[in-house]
Amino acid sequence: MKTDWARFNKYLYNYWRLQAAVIFLGLVTVPLSLLNPYLAKLIIDKAYGNKDLKLFLILAVIGGSIFVINGLLTSLSDYLSQRVKCGVNFNMTKDTFRHLQSLPVSFFKDKSAGEHIYKISNDVGSLSHFVADTVPAMATLFPRFLFILIIVFYLNWELALLATLLVPISCVSPYLFTKWIREMTRRMAEKFEGIFERLLEVFVNIHLVKALGKEDYEIRRFEESLTEKIDCELKNAKLLSVSSFSGSVLNKVIGGVIALYGGYQVIQGTMTLGSLTAIMIYLTQLLGLTNSIGRFYETVLISSVSRERLGEILDITPGRRDAQGAVDHRIMRGRIEFRDISFGYNRNEFIMKGMSFSIEPSAKIALTGPSGCGKTTLLALILGLYEPGEGSILLDELDIRDIKLKCLKAQIGIALQEPFLWNDTVANNILYGAEQAGKEDMIKAAKIAEAHNFILNLPEQYDST
């Protein structure tokens, strides 16, 4: 199964300019965010120490200006990043839906519509946001981490060395908890998917629910599903809380150890109070970055759930494709012949074997038999929705596999066993199978179906919904 990240990272290519701008702005804000702690050192050691009001005001203005500029650049970066996310989400959703449309009918017989809706709405959204955030995060987290270490080494190499030894410990908590959180995320996705599936079934079959008086039954089932979902959410929240608390405690211990040693150096006179203040601010940022790296690792594992779920769909081979050399064939007579056809939904389990018959042009025939004997399957085979395991289906003496599928379907009309109307205008429902047909063709079809007079009595006639 191809579940590598490269499959999804390709969606960034169309937005590389915006992505480059986000990375550039992120890299610009790195040094800006590192200036203010050093300004705090200068204010404490120089301005306060020498009671220099002029220097204090200058440093304060510089610090305020840096804060405003950094805020503006961050806001611009967030806006551009959101544009990238929207674009990636649009393209990923479009391609996923297009791939689903290309899959054979047999795939949809074994899967629920709710499952597909959830994957398109939730999994694609989660994964597209992660993909859009990955490159900027990697481009700014590690340079910022490195610059802070360099500055702290410059200010006091002993504290910097101590921090280098202690800070990695704060990554232990995210590493220990992420595998559990990932599994819980998968379970939550399955619960949500089940709720989507049930809701869709209830609303599609609402007439049946009402007719049989099963409202209370469906409410109970829905409440049970919600309870299971909430249980998963609470367990996930518990894991996140424990992970966050343990990480916070580790950070406080690490910061406390460094502060104690730094305070000792200040008392001994080997380091100024301003330097300790700046170092503690830098180390606070460093611990924050360590947490960000831990959360990034956590997000990678959690997002891999959506990646794998989408990968399962994208790895499925599309349904029937036009055979090499297939042609646009205009049906002239319309003679249909089944020649030694064998077919089964499961391999080696045929529901029809060696079937042969022909239907002459303009003939009207009726297929009779018990439910499940294959009447609808025969129509599906003619439409190319399924391919026979053995034999050939001929249309005007030409194997339908040698006819382009789009051309074949465009020349066949079908009235389904169960009537269905889109939530659209009457006109669009009639023209759904023939978009190129004109108004006269539409009215002619309505008259043949004896629906024209009924439609004219509607408030907006053919534009009624």
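Procedures and definitions
Residues numbered from 1 in each chain as written. Predicted model: local features only at pLDDT ≥ 70, side-chain atom pairs only at ≥ 80, totals over all residues. Heavy atoms only, no water. Helix = DSSP H or I, 4+ residues; strand = E, 2+ residues; numbered from the N terminus. Rg over C-alpha atoms; globule rule 2.2 N^0.38 Å. Buried < 20%, exposed > 50% of the residue type's maximum accessible area, 1.4 Å probe, protein only. Phe/Tyr/Trp six-rings, centres within 6.5 Å; stacked < 30°, edge-to-face > 60°. Salt bridge = Lys/Arg side-chain N within 4 Å of Asp/Glu carboxyl O. Axes fitted to C-alpha atoms, helices over the stretch in contact; angles between N-to-C directions. Parallel < 35°, antiparallel > 145°, perpendicular 65-115°, else oblique. Left-handed = near helix turned anticlockwise from the far one by under 90°. Nonpolar A, V, L, I, M, F, W, Y, C, P; charged D, E, K, R; others polar. Polar contact = N/O pair within 3.5 Å; in protein donor to acceptor, adjacent residues only side chain to side chain. Contact = heavy atoms within 4.5 Å. Core = buried A, V, L, I, M, F, W, Y, C linked by side-chain atoms within 4.5 Å. Pairing = 2+ DSSP bridges. Patch = residues over 30% accessible without salt bridge, like charges linked within 9 Å, V, L, I, M, F, W, Y side chains within 5 Å. Areas by Shrake-Rupley, 256 points an atom, 1.4 Å probe, with all protein chains shown as cover.

Caption draft 1: Quick peek at the overall build of the protein chain. Of regular secondary structure, the protein chain possesses 15 helices and four strands. What you see for the protein chain is a C-alpha radius of gyration of 33 Å, clearly larger than the 23 Å of a compact globule of 465 residues, by over 25%. Dimensions of the protein chain, computed from C-alpha atoms along their principal axes, come out at roughly 105 × 50 × 40 Å. For the protein chain, buried positions account for 37% of its 465 residues.

Caption draft 2: Structural detail: the packing of aromatic side chains. Inspection of the entire model under this criterion finds two aromatic pairs. Arranged with centres 6.5 Å apart and planes meeting at 25°, the rings of Tyr 261 and Tyr 264 form a pair that is stacked. With Tyr 261 and Tyr 264 both in helix 9 (residues 215-268) and three residues apart, the pair spans about one turn of that helix. Accessibility expressed as a relative area gives 31% for Tyr 261, which makes it partly exposed. Judged by centre distance (4.6 Å) and plane angle (15°), the ring pair of Phe 338 and Phe 357 falls under stacked. With Phe 338 in strand 1 (residues 336-343) and Phe 357 in strand 2 (residues 352-359), the pair connects residues that are 19 residues apart, well separated along the chain.

Caption draft 3: Examining the pattern of salt bridges more closely. The tally for this structure, following the rule as stated, stands at six salt bridges. In this structure, Asp 399 and Arg 401 form a salt bridge, with 3.3 Å as the shortest nitrogen-oxygen distance. Through salt bridges with shared partners, one network takes in Arg 335, Glu 337, Arg 339, Glu 360 and Glu 397.

Caption draft 4: Local environment of the packing of helix 2 (residues 16-48) against helix 3 (residues 53-102). Close contact between helix 2 and helix 3 brings their axes to 9 Å; oriented N to C, the two are set at 160°. In this view, helix 2 runs roughly antiparallel relative to helix 3, as classed from their interaxial angle. The element helix 2 and its partner helix 3 pack so that their crossing is left-handed. Class assignment for the residues of the contact of helix 2 with helix 3 results in 23 nonpolar, nine polar and two charged.

Caption draft 5: Quick look at the side chain of Asp 399. Counting through the fold element by element, Asp 399 comes out in strand 4 (residues 398-399). Here Ser 392 takes part through its side chain, which lies 3.4 Å from a polar atom of the side chain of Asp 399. In this structure the side chain of Asp 399 is engaged in a polar contact, spanning 2.9 Å, whose partner is the backbone nitrogen of Arg 401. Here Asp 399 is in contact with Ser 392, Ile 393 and Leu 394, once residues within four sequence places are set aside.

Caption draft 6: Broad picture of helix 11 (residues 375-383). Within helix 11, burial applies to Thr 377, Leu 378, Ala 380, Leu 381, Ile 382 and Leu 383. Contacts from the buried residues of helix 11 go to strand 1, strand 2, strand 3 (390-395) and helix 12 (405-410). At the C-terminal side of helix 11, Gly 384 shows a positive phi close to 80°.

Caption draft 7: Main features of the environment of Leu 53. By secondary structure assignment, the location of Leu 53 is in helix 3. Counting along the chain gives ten residues from Leu 53 to Ile 43, while the straight-line C-alpha distance between them is 9.9 Å.

Caption draft 8: Molecular detail of the nonpolar core. Ranked by internal contacts, the top residues of the largest apolar core, which has 24 residues, are Ile 148, Val 152, Ile 258, Ile 279, Tyr 282 and Leu 283. Secondary structure elements with two or more residues in this core: helix 2, helix 5 (113-155), helix 6 (157-166), helix 9 and helix 10 (273-314). Top element by residues in this core is helix 10. It accounts for eight residues. In contact with Leu 283, other than residues within four places in its own chain, are Val 152, Ala 163 and Ile 258. Residues Ile 336, Phe 338, Ile 403 and Cys 407 belong to the second largest nonpolar core, which totals 18 residues.

Caption draft 9: View of the sheet that holds strand 1. Pairing within the open sheet is antiparallel, and its four strands lie in the order 2-1-3-4. Each having just a single partner strand, strand 2 and strand 4 make up the two edges of the open sheet. The pairing of strand 3 with strand 4 spans two bridges and is antiparallel. Paired with Leu 395 across the two strands is Leu 398, which belongs to strand 4.

Caption draft 10: Looking closely at a nonpolar patch on the surface. Nonpolar side chains collect at one region of the surface, where Phe 153, Trp 157, Leu 161 and Leu 165 lie side by side and expose about 440 Å² of accessible area between them. The greatest single-element share of the nonpolar patch, amounting to three residues, is contributed by helix 6. Among the secondary structure elements, Phe 153 is positioned in helix 5. Given a relative accessible area of 36%, Phe 153 falls into the partly exposed group.

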